[in-house]
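The primary structure of each chain is shown beneath.
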Amino acid sequence: MSYQYNFSAGPAMLPKEVMLKAQHEFLNLNSTGISVMEMSHRSKEYLPIVDKAETNLRTILNIPNNYKVLFLQGGAITQNFMVPMNLLNNLSASYVVSGYWSNRSYKDAQPFGAIKLAASSESSNFKKIPNVDSWSFDKDDAYVHFCQNETIHGAEYFDSIKLPKVPLVCDMSSTILSRPINVNDYGVIYAGAQKNIGPSGLTIVIVREDLLTYADKKTPSTFNWKIQSENNSMINTPSTFSIYMAGLVFEWILKLGGLEEMEKLNKKKSKYLYDYIDEDDFYTNDIEIKNRSRMNIPFKLANDDLTKIFVEKAEQEGLYALKGHRLVGGLRASLYNAMPFDGVECLVEFMKDFKKYNT
Ligand SMILES: *Cc1c(COP(=O)(O)O)cnc(C)c1O
């Protein structure tokens, strides 16, 4: 089966232009005669690639100088324990639970100390997210953790959240680079790369410098943000190819006009799909309207027996990975930066036809 549009939640599609550039350079990077995959991470050929990737990421997100950028491994899930190891400092921390991923962060942190629940929307089956006003935390907490976008449930925080005194730690795996943010509002931002940045195997951590002094003494060097930061994220071999690919994606974003442009396009794409879903009851999305995710749009068919057929037919039409996550069922379309508007139009056309033949 040859697919035309890829709606995978992650690893997700990458911009065609980036893939073609990588293909072109694959066997011979910058006339070196070797592939980026075959270079020492400390070589004079490779180091400029990391430097440029970091510089471009700093430009795109407008990252202030007092923040370090780390290129790590282990995925966002590894940050679930690295965050408490590096920040807890024998204090307490509060976690906002707004869906599967933030709940997993909350659970994974438990063994490390006094981990409290700041707020939870579980009673609504995560159809809502806890309003920032309802978060309860202590001014002596080492940090407050939340997830900006629940990739499975499809609920996103759009508020710009500022917590006086307590560092805010945010899992941005599925929203990073989808719109401008104010990095200054956060103590730590982390994201697995495979949604909106590049291939899997790379985890980006952006951490405010003054938070690098609290790591538990038993923290192994590869998990220690401060040691990684002092070693240019190379206390061991980093994920060189993924960093290279992320660098190409950063260039692509800059060329298109940065995050303002990404946000415009992402608003347009998601609105187009939500507007169609809302036309009648054949398809539904029941997330509270103001928190509907722009990146991951779960939806259901009124007649769930048709779900399997929808997925099969969509695949035959070249639309890949529309099956919902097994935890929530139904369908899901992920519309990350790399998804062109044409892809969403094509999906909506397919949905219209599917409705016509099934009503
Ligand atoms: C995908 C995802 C994760 C898990 O990331 P891994 O890289 O597989 O560890 C965590 N949080 C969010 C919000 C995600 O979307």
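Data block above holds the structure.
Along each chain, residue indices are assigned from 1 in the same order as the chain's sequence is written. The predicted nature of this model means local features are confined to residues of pLDDT at least 70 and side-chain atom pairs, given and counted, to a pLDDT of 80 or more, with totals for whole chains, interfaces and linings taken over all residues. With hydrogens and water excluded, all non-hydrogen atoms of the structure serve as input to the side-chain values.

J.: Can you walk me through the site of the ligand in this structure?
T.: Residues in close proximity to the ligand include G75, A76, I77, W101, C147, N149, T151, D171, S173, S174, Q194 and K195, which together make up its full environment. For this analysis, a polar contact is any N or O atom pair within 3.5 Å, provided that within protein one partner can donate a hydrogen and the other can accept it, and provided that sequence-adjacent residues contribute only side-chain to side-chain pairs. A distance of 2.6 Å separates an oxygen atom of the ligand from a polar atom in the side chain of K195. In this description, accessible areas are obtained by the Shrake-Rupley approach with a 1.4 Å probe, and a residue is regarded as covered only by the protein chains that are shown. About the coverage of the ligand: the protein hides 86% of its 390 Å² of free accessible area. Looking at the shell around the ligand residue by residue, the class counts come to four nonpolar, six polar and two charged. Any residue with at least one heavy atom within 4 Å of a molecule or strand is counted as near it. Residues are grouped as follows: Ala, Val, Leu, Ile, Met, Phe, Trp, Tyr, Cys and Pro are nonpolar; Asp, Glu, Lys and Arg are charged; every other residue, Gly included, is polar.

J.: Hey, could you run me through unusual backbone geometry in this one?
T.: The omega torsion of the bond from G10 to P11 falls at -10 degrees, within 30 degrees of zero and hence cis. Secondary structure elements follow DSSP: runs of H or I of four or more residues count as helices, runs of E of two or more count as strands, with numbering from the N terminus. With respect to the helices and strands, P11 occurs in the loop between strand 1 (5-6) and helix 1 (16-25). The phi dihedral of N125 is positive, around 55 degrees, even though this residue is not glycine. Considering the arrangement of structural elements, one finds N125 in the loop between strand 4 (114-120) and strand 5 (143-147). Given a relative accessible area of 53%, N125 falls into the exposed group. Classification of residues uses two cut-offs on accessible area relative to the type maximum, computed with a 1.4 Å probe and protein chains only: under 20% is buried, over 50% is exposed, and between them is partly exposed.

J.: Just to check I follow, could you spell out the environment of P15 for this structure?
T.: Position of P15 relative to the elements: it lies in the loop between strand 1 and helix 1. By relative accessible area, P15 is classed as buried at 5%. When the C-alpha positions of P15 and D342 are compared, they lie 13 Å apart, and in sequence the two are 327 residues distant. By the convention used here, residues are in contact when the closest approach between their heavy atoms is within 4.5 Å. Not counting residues up to four positions away in its chain, the partners in contact with P15 are V249, W252 and A338.

J.: Is there a simple way to think about the side chain of S270 in this case?
T.: With respect to the helices and strands, the residue S270 is situated in helix 7 (residues 258-277). A polar contact of 3.3 Å, which involves the side chain of S270, links it to the backbone oxygen of K267.

J.: Looking at this structure, how should I read the packing of helix 8 (residues 307-316) against helix 9 (residues 341-357)?
T.: The packing of two helices is summarised by the inter-axis angle and the distance between the axes. The contact between helix 8 and helix 9 brings their axes to 11 Å, and the two run at 130 degrees. Put simply, helix 8 runs oblique to helix 9. Here helix 8 and helix 9 pass one another in a crossing that is right-handed. On helix 9, the residues touching I309, F310, K313 and A314 of helix 8 are F350, M351 and F354. Looking at the contact of helix 8 with helix 9 residue by residue, the classes come out as six nonpolar, no polar and one charged. In this analysis an axis means a line fitted to C-alpha atoms, helices contributing only their contacting stretch, and an angle means the value between N-to-C directions, from 0 to 180 degrees. Relative orientations are named as follows: roughly parallel for angles under 35 degrees, roughly antiparallel for angles over 145 degrees, roughly perpendicular for angles from 65 to 115 degrees, and oblique for any other angle. By definition, any crossing whose near helix is turned counterclockwise from its far helix by less than a right angle is left-handed, and any crossing with a clockwise turn is right-handed.

J.: Sorry if this is basic, but what is going on with the pairing of strand 14 (residues 331-334) here?
T.: Note on strand geometry: in a regular strand, side chains alternate between the two faces of the sheet. Where burial is concerned, the two faces of strand 14 agree: the one with L331 and A333 and the one with R332 and S334 are both buried. Pairing between strands requires that DSSP locate at least two bridges from one strand to the other. Here strand 12 (residues 296-301) pairs with strand 14 via four bridges, running antiparallel. Directly across from I297, in strand 14, lies its bridge partner A333.

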